[in-house]
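What the coordinates show
Spelled out, the chains give:
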Amino acid sequence: MTNPAAQIPMVSYLVLSGDGPPHLVAQRCSSCGATFFDRRNACASCGMRQFATVPVQNTGMLRSYTIVHRAAPNVPAPYVSAVVELDGGGVIKANLVGVEPDPKAINLGGRVHLTTFVAGTDDEGTEAVAFGYAQDERDSR
Amino acid sequence: MSSQPTWIVGAAMTPFGRHKDRDLIDLGAGAALDSLADADMTIDDVGVLAVGNAYESNGMVAQRIQKQIGQTGIETYNVFNACATGATAVRTAHLAIQAGEADVALVIGVEKMGKMGMLGAAGKARSDRKVFTASGRFGAVMGTEGILGTGLMPGVFAQAGMDYAREHDVTFRQFAKVAEKNHFHSSLNPLAQYRNVYDLDAIMNAEMIAYPNSVLMCCPTGDGAAALVLVSDEKRRSLSAAIRDRSVKISASVLTTDPYTPGGHAQPDINTLTRRAADKAYELAGVGPTELDLVELHDCFATAELVHYDNLRLCEPGGAGDFIDSGAPRRDGRLPVNVSGGLISKGHPIGATGVAGLYEVATHLRGEAGDRQIDGARVGLAHVIGLGSACGVHILEKAAA
């Protein structure tokens, strides 16, 4: 018998453990509400320094995408890079997954939801879990 | 601050392309000496020097050029601002003149890139570490390129275009028309890196790099240099009639950075800083977009040119697709855009690009653009954007007769 592989999030703003399904957390400016996913010294929008770590919604709108055919070294291609506008605030870049890399299969402006996948495994067997977005069924073509 | 304009009295550029037998300094020195000769001046006349270069920007390029064209000990700036480097060098020299610190300034933009492939913040190659450890501001345990979207330039600018396409129903075909136009324009420009004409089908069926940008919709990397001699209004009055008649007025010089916009951290917002720069430039120059005779704008990718029609107010709001369909930005259209061939076909040696944009506009205003001349051109605009971001807009006007 083997133990199930340990899993860690690929980036610190992806939460895998705790209550509920995997989701993203953001640094939200306590003053103006601007939403960021990385460590911040002060707010890019208003300059204030207080942030709260808040969960963001797993659903949103496909604001833009590109189908990358000529990729960086060691990156499998083609794949779909996407910009997603999340319900309730926040904009995130990730891959659009579970879709043919074909403009006819992609519904620009359509509804998407968060999903996770294993992106890599280290020498101790720990799996890095990444996130992507999948098109909602009724919106996929 | 002076209310008198700065003037361009000398302008030169090397052909863009692959200069195997000329190093970075040869290219920069060559353009500099040609621009001084064009202004009927020597290095002894120059009070301040600004040199734009990207890939050796920690290598004292300006001083290395001075050692080939004259070490006069003048105040000198090495300038970097990504793809807005050249325009930032122009503005640096312009500010020195406006501040009254110099009467004559030399601006050089120079780059030697060779075949660099795709540029951009791809981060580390996608390779697994032995033991995952979170690092950086996102706490990433491995390279994110290709897993959490793309940061390579063809994809970033494709996404900028597709964002516009979502809002305004622009098609792949309309994006491709931009490249068809610019390749055609470059066929008339002996300074262009490429001079091949392609039909729309060839462009749409070419190797896809990052949809909707095919390889013929992406600018190449390359080598080249451009240089300008700028003078104060007072200095210009002391120059010969022959030089004054060919001089070109800088009616507006504007540099902006990207203000905060929601989502700009995920997908760089190339629109807001360009709109701000354009609006300020039109206000300073006292001219509107309908008064422009030609525009050189930053078509690093075909998708970028299309959105900048709207950002620079060249078309109706939301109407960039209709604008390209109408033929307006073709050289025989209502408002010719990138008659040089643009970055897509003239080339994009990064540090040189912004200076070369002013060279192109100034050459048309002087009526010296040869086969590609836009007849009767009196006012033109030059725009560049460096991702990160910085945006330069200059409006130039022909000297009054």
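Just so you know, these numbers come straight off a predicted model, no measurement behind them.

Residues and elements named next belong to chain B. With respect to topology, nine strands assemble into an open sheet ordered 3-2-4-7-1-8-11-10-9, the strand pairing being mixed. With one partner strand each, in any of the chains shown, strand 3 (75-79) and strand 9 (294-296) form the two edges of the open sheet. Geometrically, the sheet is characterised by an average inter-axis angle of 25 degrees between neighbouring strands, direction not taken into account. Summarising the sheet, strand 2 (residues 48-52) and strand 3 pair through five bridges and their orientation is parallel. Across the sheet, Val51 pairs through a bridge with Asn78, a residue of strand 3. Packing against the sheet, helix 1 (residues 24-38) makes contact with strand 1 (6-13), strand 2, strand 4 (104-112) and strand 7 (223-232), and its axis sits at approximately 35 degrees to strand 7. Where helix 3 (residues 85-98) meets the sheet, it contacts strand 1, strand 2, strand 3, strand 4, strand 7, strand 8 (248-257), strand 10 (379-386) and strand 11 (390-398), and its direction lies at approximately 165 degrees from that of strand 2.

The subject of this paragraph is the interface of chain A and chain B. In this assembly, 47 residues from chain A lie in contact with 41 residues from chain B. Contributing elements (two or more residues each) for the side of chain A that touches chain B: strand 6 (59-68), strand 7 (79-86), strand 8 (91-96), strand 9 (111-121) and strand 10 (127-135) of chain A. Looking at the side of chain A that touches chain B, the element that brings in the most residues is strand 6 of chain A, giving six residues.

Attention shifts here to the confidence of the model for chain B. Detailed reading of the predicted model is not advised wherever pLDDT is low. Here chain B averages 96 in pLDDT, while 97% of its residues score no lower than 70. Under the prediction, the complex receives an ipTM of 0.94, its pTM being 0.96.

This paragraph deals with the packing of helix 3 of chain B against helix 13 (residues 350-365) of chain B. The relative placement of two packed helices comes down to the angle between their axes together with the axis-to-axis distance. Residue and element names in this part refer to chain B. The interhelical angle for the contact between helix 3 and helix 13, taken along N-to-C directions, is 60 degrees, at an axis separation of 5 Å. One finds that helix 3 runs oblique with respect to helix 13. Taken together, the residues of helix 13 that come into contact with helix 3 (itself represented by Thr85, Gly86, Ala87, Ala89 and Val90) are Ile350, Gly351, Ala352, Thr353, Gly354, Val355, Ala356 and Leu358. Looking at the contact of helix 3 with helix 13 residue by residue, the class counts come to eight nonpolar, five polar and no charged.

This brings us to the packing of helix 1 of chain B against helix 2 (residues 61-69) of chain B. Residue and element names in this part refer to chain B. It is the contact of helix 1 with helix 2, at a shortest axis distance of 9 Å, that shows an interaxial angle of 65 degrees. As helix 1 runs across helix 2, the sense of the crossing is right-handed. On the side of helix 1, the interface is formed by Leu24, Ile25, Gly28, Ala29, Ala32 and Leu33, while helix 2 contributes Val61, Arg64, Ile65, Gln68 and Ile69. Across the contact of helix 1 with helix 2, the residue classes tally to eight nonpolar, two polar and one charged.

Rules used in this analysis
- Residues numbered from 1 in each chain as written.
- Chains lettered and ligands numbered in written order.
- Predicted model: local features only at pLDDT ≥ 70, side-chain atom pairs only at ≥ 80, totals over all residues.
- Pairing = 2+ DSSP bridges.
- Helix = DSSP H or I, 4+ residues; strand = E, 2+ residues; numbered from the N terminus.
- Axes fitted to C-alpha atoms, helices over the stretch in contact; angles between N-to-C directions.
- Contact = placed C-beta atoms within 7 Å.
- pLDDT = per-residue confidence, 0-100.
- Parallel < 35°, antiparallel > 145°, perpendicular 65-115°, else oblique.
- Nonpolar A, V, L, I, M, F, W, Y, C, P; charged D, E, K, R; others polar.
- Left-handed = near helix turned anticlockwise from the far one by under 90°.

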